[in-house]
Amino acid sequence: QVQLVESGGGLVQAGGSLRLSCTPSVSIFTAKVMGWYRQGPGMQRELVATIADFGGPTYANSVRDRFTISRDNANNTMYLQMNRLKPEDTAVYYCNFEGYLKGHNFWGQGTQVTVSS
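None of these values were measured; they are calculated from a predicted model.

1. Some points on the sheet that holds strand β8 (residues 77-82)
Link 1 in the chain: What the four strands build is an open sheet, ordered β1-β3-β8-β7; its pairing is antiparallel. The strands lining the two open edges of the sheet, one partner per strand, are β1 (4-7) and β7 (67-72). Direction aside, the axes of adjacent strands within the sheet are offset by 15° on average.
Link 2 in the chain: Summarising the sheet, β1 and strand β3 (residues 18-24) pair through four bridges and their orientation is antiparallel. For E6, the partnering residue across the bridge sits in β3 and is C22.

And the structure:
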């Protein structure tokens, strides 16, 4: 079992910025892929961005050029820097950890991001 501790959500005005953090209870080096997903009111959970152990980051089209996903191996933490936020970015954001073992897939508890217009 891997616990994921998320932080950094909050209320921000449109055009503002927030940085989300996700720290796993195991070494970040054991993650094959880590990512951020979000679920808006009445919406299905959707992918925001992922970062793989091998390979570059991927982004949803809706956040490309505004959000940046990164891994800080020294601090064992993954980040999502969110700039130029829009009201439609309002959602609960979830951290995801996928390990190399089959079925090794875990979710954080979620952190609320609210963008006011």
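2. Details of the pattern of salt bridges
Think of it this way: side chains of opposite charge can pair up when their charged atoms draw near.
Link 1 in the chain: Applying the stated rule across the entire model yields four salt bridges.
Link 2 in the chain: Note that E46 and R38 form a salt bridge whose closest N and O atoms lie 2.7 Å from each other.
Link 3 in the chain: Linking D89 and R66 is a salt bridge whose minimum nitrogen-to-oxygen distance equals 2.8 Å. With D89 in the loop between β8 and β9 (91-99) and R66 in the loop between β6 (58-59) and β7, the pair connects residues that are 23 residues apart, well separated along the chain.
Link 4 in the chain: On the basis of relative accessible area, D89 is assigned to the buried category, the value being 1%.
Link 5 in the chain: One network of salt bridges, in which partners are shared, links R38, E46, R66 and D89.

3. A look at unusual backbone geometry
Link 1 in the chain: The backbone of D65 sits at a positive phi, close to 75°, despite the residue not being glycine.
Link 2 in the chain: Since its relative accessible area comes to 66%, D65 is described here as exposed.

4. As for the nonpolar core
Link 1 in the chain: Counting 29 residues, the largest nonpolar core has M34, W36, L80, M82 and Y93 as the members making the most contacts within it.
Link 2 in the chain: Listing elements by their share of this core, those giving two or more residues are β3, β4 (31-39), β5 (46-52), β7, β8, β9 and β11 (111-116).
Link 3 in the chain: At four residues, the largest contribution of residues to this core is made by β9.
Link 4 in the chain: If sequence neighbours within four positions are ignored, M82 has contacts with G16, S17, L18, L20, R66, F67, Y93 and V113.

Rules and cut-offs
- In this convention, every chain numbers its residues from 1, walking through the sequence in written order.
- With pLDDT at 70 or above as the cut-off, local features in this predicted model cover only qualifying residues; side-chain atom pairs require 80 or more to be listed or tallied, and sums for whole chains, interfaces and linings still use all residues.
- Water and hydrogen atoms play no part in the side-chain values, which are based on all heavy atoms of the structure.
- Two strands are said to pair when DSSP picks up at least two bridges between them.
- For the purposes of this entry, the term helix denotes a DSSP run of H or I that reaches at least four residues, the term strand denotes a run of E that reaches at least two, and both are numbered from the N terminus.
- Here, axes are lines fitted to C-alpha atoms. For helices the fit covers the stretch in contact, and angles between N-to-C directions go from 0 to 180 degrees.
- The rule for a salt bridge is simple: a side-chain nitrogen of Lys or Arg has to be within 4 Å of a carboxyl oxygen of Asp or Glu.
- Burial classification: accessible surface area is computed with a 1.4 Å probe over protein chains only, and a residue below 20% of its type maximum counts as buried, one above 50% as exposed, and the rest as partly exposed.
- Only buried Ala, Val, Leu, Ile, Met, Phe, Trp, Tyr and Cys residues count toward a nonpolar core, and they belong to the same one when joined by side-chain atoms within 4.5 Å.
- For this analysis, residues touch if any pair of their heavy atoms sits within 4.5 Å.

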